[in-house]
Structures are given as C-alpha cells and as structure tokens.
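Examining the three-dimensional arrangement
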Amino acid sequence: MFENNLDHGKIDIIKELANIGMGNSTTALSAMLGEQKVAMDVPEVSLVALQDVPELLGGADIPVIGTYFESRGELRLVLFFVMSQPSADKVVNFLLPKETKVDTELYNSVLMEAGNIMIGAYLNALSQLTNSTLLSTPPKMAADMAGAVLGTIAAEAMIVDDQLILLKTNIKVSELEVEGSILIVPCSGSLEKMFSLLGVR
Amino acid sequence: MAKTALITDDTAFMRMTLRNILEKNGYKVVAEAGDGKEALEKYKQHKPDLVTMDITMPNVDGITAIKEIIAFDPEAKIIVVSAMGQKALVIDALNAGAKDFVVKPFQPDRIIEALQKLVG
Ligand SMILES: [Mg+2]
C-alpha cells in the first residue's frame, strides 16, 4: 500500500510517535476541560487519495470547524484539529465563563486556543522524541465544509500523484458529548528527516 | 497599590482568561497586546510591573519581543505563558530575559505563583 521505502517497521514507528504525541494532546485537552476523560482511538496511518479526504472528515457537505497549524522547524507538518459544529459549540460554551457575550471573534479564538494547546502538546512530545525543535505557525481557522478544509490541506501538504500520507486519531469526550479528530499530514521530505533524527535506516 | 500587568497573546480568549485570573488576584491589567510588536509598544507606553508573554504569535514572536523589551528596560519582569514547552524554547526565553515559563494548559494558581515570585 505504501511506496517501498515505507515498510511495516517504519509505519509502526510513525504510529507510535503519533500515539505518544496525540496522547499528549488529549491529556492537554482533558486538563483544559477540567480533567474530563478524553478517549483516543489508536492512530491510523494511511495513504489517502486527495478526493477521499472529505469522506474522512464526515462527508464533503458536513459542516466542520478546524484549526490548522504548520510546523516549520526541522520537521514540516500540517496539523489539524477538526470538530463538527455542535461539538465545537459545546467546547466553546464549556471554556467561556457563564454569561459571556460570544461574538464570532471570541468563538473562533476559543477554538484556535484549544487547537493551539493540543497541537503544541503534540509538537512538544515529538520534539522530545526526535531531539529537535518544532515551531508552529499561529493557529488559523478553517471553518467550512469538509470539502473546503480539503482545499486547505491540498494547498499546504506534500501531495504526490494525488495522494498524501495522513495520520488520523479520533478523540471523544463522553461527558461533554464532543467528538473530533486530529489530522497530521507530513510535508515533502519530513518523514525521511524524522527517520534520520531517530537514527532509523 | 495594585501591581500593573500587560497581557500578550494572539488569541482574544487567552487574553480574557489571563485578565480574569489576574484581576481576581488583585492585579491591574493596564493593557493587552496581540503580538510581539504591540507588546513592545504597550510596554513603553505603560511601563507595567509585569508582563505575560505568549511565544507563537503573528508578526513578531514572543522570544523576539522579550529581547526587545529587555533591551528597552533590563528590569522588565516577563513570564512566558505558551503551549510550546520544548526545552530549547524554554532556554531561549530564559536567555532572552524571561523570569519564568508556564506551559499551557495551566492551573490559575501556577500563573499567580509565578507573578508573586516576581513582585511579592
Ligand atoms: Mg497564542
């Protein structure tokens, strides 16, 4: 399924790094949400055709809200935190003090900060594991249909023959009835760089 | 007299959160800044007793802003409040002149403890 330089051993390494990084992200989200339990699926690593990405986000016409980031340090990645509109509403309501007047700027800024903290936690773990420094861009919003979020991914990520490597983890906060996904797309040359930082041949 | 503070973060939500924590604990928030450039301007204008500084921000990042504020006022008391807790960044921030480094997400007590250590 992968090109021959990405064997099962390497896929396992990518999965384990994602597992630790996303574990750090869910711990951060849990702390933000007053220590509510945040469940996380095992990360999936797949080679996805570009046109199939909206399906993974719930369907091209489903409204999703995403915050996205680029890591521009030694490893270039595009990172997304995506939720459905109702889930995003619940997170915003929980994080703001009661009786706060919410306008679009404040609403978006709550989601950007939540994404910022989760993606920051992911990069902190990856930085430690690879002994490198990983800076991120400030958060940006991609509040639109899944099809439009796809456009954002397409513009930022390395895409070869209309396919991209996608790391995806679903998370769930049962108490708050919130579901979301963390998506990570490595940019050109990043996986090779990561393996060399890890000393994997 | 209440100690004065400048809050720096690119998201309005985090500025609001920090403002609430500081005001509840008797600090007077005299200004907010959304990036490092604004932070330097507001620092010069208000000469606050304390500064909270985010790192990842548009235009001018937090590490650069710390250096610029310290160049203007070597006595400036700045604590970093950032989601990026990587060792190299903590070292950069402390070398630039920050006095403490709080990683998000934080407990409000952690912020107050860091500020109290600086101004008593
Ligand atoms: Mg920020």
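The structure under discussion appears in the preceding block.
Residues numbered from 1 in each chain as written. Chains lettered and ligands numbered in written order. Predicted model: local features only at pLDDT ≥ 70, side-chain atom pairs only at ≥ 80, totals over all residues. Heavy atoms only, no water.

1. Section: the coordination of the magnesium ion
Think of it this way: four donors in a tetrahedron around the metal ideally sit 109.5 degrees apart, and six in an octahedron ideally sit 90 or 180 degrees apart. Residue and element names in this part refer to chain B. Of the protein atoms, only D10 (OD) and D54 (OD) coordinate the magnesium ion, at distances of 2.0 to 2.1 Å. In this pair, D10 is assigned in the loop between β1 (4-8) and α1 (12-24) and D54 in the loop between β3 (50-53) and α3 (62-72), connecting sequence segments 44 residues apart. The class of D54 is buried, set by a relative accessible area of 1%. (Donors = N, O, S within 2.8 Å, 3.2 Å for Na, K, Ca; no water. Helix = DSSP H or I, 4+ residues; strand = E, 2+ residues; numbered from the N terminus. Buried < 20%, exposed > 50% of the residue type's maximum accessible area, 1.4 Å probe, protein only.)

2. Some thoughts on the packing of aromatic side chains
Considering all chains together, one arrives at 2 aromatic pairs over all chains under this definition. Between Y68 of chain A and F80 of chain A the ring centres are 5.3 Å apart and the planes differ by 25 degrees, which places this aromatic pair in the stacked class. Note that Y68 of chain A is positioned in strand β3 (residues 63-72) and F80 of chain A in strand β4 (residues 76-84), a separation of 12 residues in sequence. For the pair Y68 of chain A and F80 of chain A, one class covers both residues: buried. Relative to F72 of chain B, the ring of Y43 of chain B lies with its centre 6.1 Å away and its plane at 85 degrees, an arrangement referred to as edge-to-face. Placement of Y43 of chain B in helix α2 (residues 36-46) and of F72 of chain B in helix α3 is noted, with a sequence separation of 29 residues between them. The exposure class assigned to Y43 of chain B is buried, which follows from its relative accessible area of 2%. Relative accessible area serves as the criterion here: at 36%, F72 of chain B is assigned to the partly exposed category. Here the guanidinium or amino end of K10 of chain A rests over the ring plane of F195 of chain A, the centre of that ring lying 5.1 Å away. (Phe/Tyr/Trp six-rings, centres within 6.5 Å; stacked < 30°, edge-to-face > 60°. Lys NZ or Arg CZ within 6 Å of the ring centre and 35° of its normal.)

3. Quick look at the interface of chain B and chain A
When the parts of a complex come together, some accessible area is lost, and that lost area is often used as the size of the interface. Taken together, the contact pairs 22 residues of chain B with 29 residues of chain A. Buried area between chain B and chain A, summed over both chains or domains, comes out near 1,700 Å², and the portion from carbon and sulfur atoms is 67%. Area buried by chain B at its contact with chain A is led by F13, Q86 and P105 of chain B, which between them contribute 34% of it. Linking chain B with chain A are 1 salt bridge. (Contact = heavy atoms within 4.5 Å. Buried area = accessible area lost by both parts, 1.4 Å probe. Salt bridge = Lys/Arg side-chain N within 4 Å of Asp/Glu carboxyl O.)

4. Quick notes on helix α6 (residues 190-198) of chain A
Residues and elements named next belong to chain A. Restricting attention to buried positions, one finds in α6 the residues S190, L191, M194 and F195. The buried residues of α6 occupy one face: seen down the axis, they fall within an arc of 135 degrees. Looking at the buried residues of α6, the elements they touch are α1 (8-32), β4, α4 (104-130), β6 (163-173) and β7 (178-186). Of the residues trailing α6, G199 is marked for its positive phi of about 75 degrees. (Arc of directions from axis to C-beta.)

5. A look at the pattern of salt bridges
All names here are of chain A. On inspection of all chains with the given rule, the structure shows 15 salt bridges over all chains. Here K172 makes a salt bridge to E179, at a shortest N to O gap of 3.9 Å. For E179, a relative accessible area of 47% corresponds to the partly exposed category.

6. Quick word on the pairing of β3 of chain A
For β3 of chain A, the tally of buried residues reaches 8 of 10 residues, placing the bulk of the element in the interior. A loop of 3 residues connects β3 of chain A with β4 of chain A, the two strands running antiparallel in sequence. (Pairing = 2+ DSSP bridges.)

7. Considering the sheet that holds strand β2 (residues 28-33) of chain B
What links the strands of a sheet is backbone hydrogen bonding, and the strands pair in either a parallel or an antiparallel sense. All names here are of chain B. Read across the sheet, 5 strands follow the order β2-β1-β3-β4-β5 without closing on themselves; strand pairing throughout is parallel. What marks the edges here is a single partner per strand, and that holds for β2 and β5 (100-103). Geometrically, the sheet is characterised by an average inter-axis angle of 20 degrees between neighbouring strands, direction not taken into account. Bridge count for β1 against β3 is 4 bridges, and the pairing is parallel. Each residue of the ladder has a partner; that of I7, found in β3, is T52. Taken strand by strand, α2 contacts β1, β2 and β3, and its axis lies near 145 degrees from that of β2. (Axes fitted to C-alpha atoms, helices over the stretch in contact; angles between N-to-C directions.)

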